[in-house]
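Residue strings, one per chain:
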Amino acid sequence: MSGTRQKTQSTQRRLAFEEERRGEALDADNEGTEPLVAKRDPESPADESRLMEEVCERANVKKAWQRVRANKGGPGVDGLTIGATSDYLREHWPTIRCQLLEETYAPQPVKRVEIPKPEGGVRKLGVPCVVDRLIQQALLQILQPSWDRTFCEHSYGFRPGRCAHQAVAQAQRYVAAGYSYVVDIDLEKFFDRVNHDHLMARVARRVSDKRVLKLIRAFLDAGVMENGLVSAAGEGTPQGGPLSPLLSNLVLDEFDQELARRGHRFCRYADDCNIYVRSRRAGERVMASVCQYLATKLRLTVNPSKSAVARPAERQFLGFSLSNDGRERRIAPSALSRFKQRVRELTHRTRGVSLEQLIEPLARYLIGWRGYFGFCQTPFVLLALDARIRRRLRMYLWRQWRHPRTRFTELRRLGVATFNAAVAAGSPTSLWRMSSHPALQIALRNDYFDRLGLPRVAHGSDA
């Protein structure tokens with residue numbers, strides 16, 4: 001029993017040191033009474049009613065345009081690209097500014113765009129036109145600094161200075177502290193079901209400028225264009241605009257504050273929320289009460305097929321899963337499957353391009369993937385993925401060489417002994433099995449791919 005206690009304390013000390021090293025706030029001395037809520041400012045509106053002037057101020061609009069241009073993105077329903085909108089604004093911005101100040105600006109409907117979800121189905125986005133994205137970004141830059149500091153500290157999604165890694169690390173600390181059951185809550189079609197009246201009531205508590213209130217309501221009511229037809233938007237904050245995440249966090253902050261009031265240990269990232277408890281029975285009780293609160297107070301529905309009470313290792317949170325003792329962050333099995341599938345697509349053996357050309361888009365994908373999933377604590381998994389990628393590239397080259405004579409010549413050129421090269425070149429073995437043949441391992445060593453610019457996912461991992 002004492003050995004187990006020492007092991008748990010050692011794990012907690014290691015996690016606390018790691019968190020301190022990463023610059024995240026952690027009060028290790030207040031394990032049972034940690035502060036669950038950020039210090040809140042009063043929600044009453046600011047005294048000034050000239051918020052729209054701040055939104056339209058030249059420096060703010062210029063900064064917003066730089067952000068919109070950097071984010072790129074496609075055109076909205078008006079068909080204007082970023083470049084075309086730049087020319088349009090030079091001529092029409094004074095008129096648009098006057099419309100904003102005089103409460104006569106009318107946003108255009110958003111364009112419906114569907115993207116596939118990793119787990120199947122589609123995610124419906126609403127893409128505003130570039131001008132509307134500019135105005136939303138200008139609004140965001142004024143509203144977010146004062147709103148964000150009042151949000152609960154256990155909300156991590158779409159907030160300055162916060163990220164998914166911090167949410168996963170906090171969840172890991174809860175598990176290591178003995179909260180070894182997770183109430184995994186997924187809100188069903190949250191962004192499509194936000195009640196506009198409820199949302200605007202929350203906004204009105206913080207904003208006194210009626211022009212800003214009217215503009216936000218106009219964005220919510222702008223409608224959606226799909227297949228050439230515009231449909232009214234009675235509810236929801238369509239994903240795709242800069243302002244949507246802030247408004248969503250405003251709605252769910254009420255939920256966060258309720259969880260904090262009840263003393264729960266939780267992490268929320270957008271519409272994914274994990275609450276950590278000590279037993280399955282406690283988890284089932286929390287699940288029932290939380291579902292009732294969301295349905296009655298916020299008019300939101302929990303997706304029963306994606307929500308559950310379980311051990312941490314059985315669930316995933318933001319692409320990671322945790323060991324049941326909290327000692328290890330792992331890449332979730334579904335995330336690994338998606339990675340392997342994407343690598344197969346990028347290294348398909350019939351692409352018909354040179355290896356250098358093949359590696360270029362693959363390298364971009366690997367660098368981005370490593371930047372996020374390198375946060376795992378399973379280096380052996382990353383090393384295995386690196387080996388798998390190199391094996392696929394060896395298979396790709398082996399197929400390109402195709403004929404036995406070409407294969408023999410290339411193997412000899414790359415330093416394989418004559419006899420071994422002849423045996424490999426004449427082998428009838430399948431492409432995948434040949435990719436692990438000793439002759440190819442000698443000819444196409446790891447440093448061969450390093451010189452071609454292939455990044456390693458295990459390099460620089462956080463494990």
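Since the structure is predicted, the reported quantities are computational estimates derived from the model, not experimental observations. (Residues numbered from 1 in each chain as written. Predicted model: local features only at pLDDT ≥ 70, side-chain atom pairs only at ≥ 80, totals over all residues. Heavy atoms only, no water.)

Draft legend 1. The arrangement of helix H16 (residues 418–425) in detail. Within the sequence span of H16, burial applies to Ala421, Ala424 and Ala425. Projected down its long axis, H16 carries its buried residues within an arc of 95 degrees, all on one side. Summarising the contacts, the buried residues of H16 are in contact with helix H14 (379–401), helix H15 (404–413), helix H17 (431–434) and helix H18 (438–443). (Buried < 20%, exposed > 50% of the residue type's maximum accessible area, 1.4 Å probe, protein only. Helix = DSSP H or I, 4+ residues; strand = E, 2+ residues; numbered from the N terminus. Arc of directions from axis to C-beta. Contact = heavy atoms within 4.5 Å.)

Draft legend 2. Molecular detail of the pattern of salt bridges. Within this structure, the stated rule accounts for 20 salt bridges. The salt bridge partner of Arg456 is Asp450, with a shortest N-O separation of 2.6 Å. Among the ionic contacts, a cluster of salt bridges with common partners joins Arg50, Glu53, Asp209 and Arg211. (Salt bridge = Lys/Arg side-chain N within 4 Å of Asp/Glu carboxyl O.)

Draft legend 3. Region of the structure containing the nonpolar core. In this structure, Ile185, Val203 and Ile216 are the most contacted members of the largest nonpolar core, which totals 67 residues. It is helix H5 (residues 130–148) that contributes the most residues to this core, 10 residues altogether. Look past the residues within four positions of Val203 in its chain and what remains in contact with it is Trp147, Leu213, Ile216, Leu247 and Leu250. If you look at the next biggest cluster of nonpolar residues, it comprises 60 residues, including Phe320, Val343, Leu382 and Leu440. (Core = buried A, V, L, I, M, F, W, Y, C linked by side-chain atoms within 4.5 Å.)

Draft legend 4. How the structure looks around the packing of aromatic side chains. Tallied over the entire structure, the rule returns 13 aromatic pairs. Both rings, one in Tyr174 and one in Tyr276, keep their centres 5.8 Å apart while their planes meet at 40 degrees; by these two values the pair is tilted. Pair noted here: Tyr174 is in helix H6 (residues 164–176) and Tyr276 is in strand E7 (residues 272–277), with a separation of 102 residues, a long-range link. As far as burial versus exposure is concerned, Tyr174 and Tyr276 are alike and both buried. On the numbers, 5.2 Å between centres and 70 degrees between planes, the contact of Phe190 with Phe191 is edge-to-face. By relative accessible area, Phe191 is classed as buried at 9%. (Phe/Tyr/Trp six-rings, centres within 6.5 Å; stacked < 30°, edge-to-face > 60°.)

Draft legend 5. Looking closely at the environment of Gly453. Mapped onto the secondary structure, Gly453 falls in the segment after helix H19 (446–451). Residue Gly453 is classed as partly exposed on the basis of its relative accessible area of 41%. Remark: the alpha-carbon pair of Gly453 and Ile359, spanning 94 residues in sequence, is separated by 7.4 Å. When sequence neighbours within four positions are dropped, the list of residues in contact with Gly453 reads Ile359 and Ala363.

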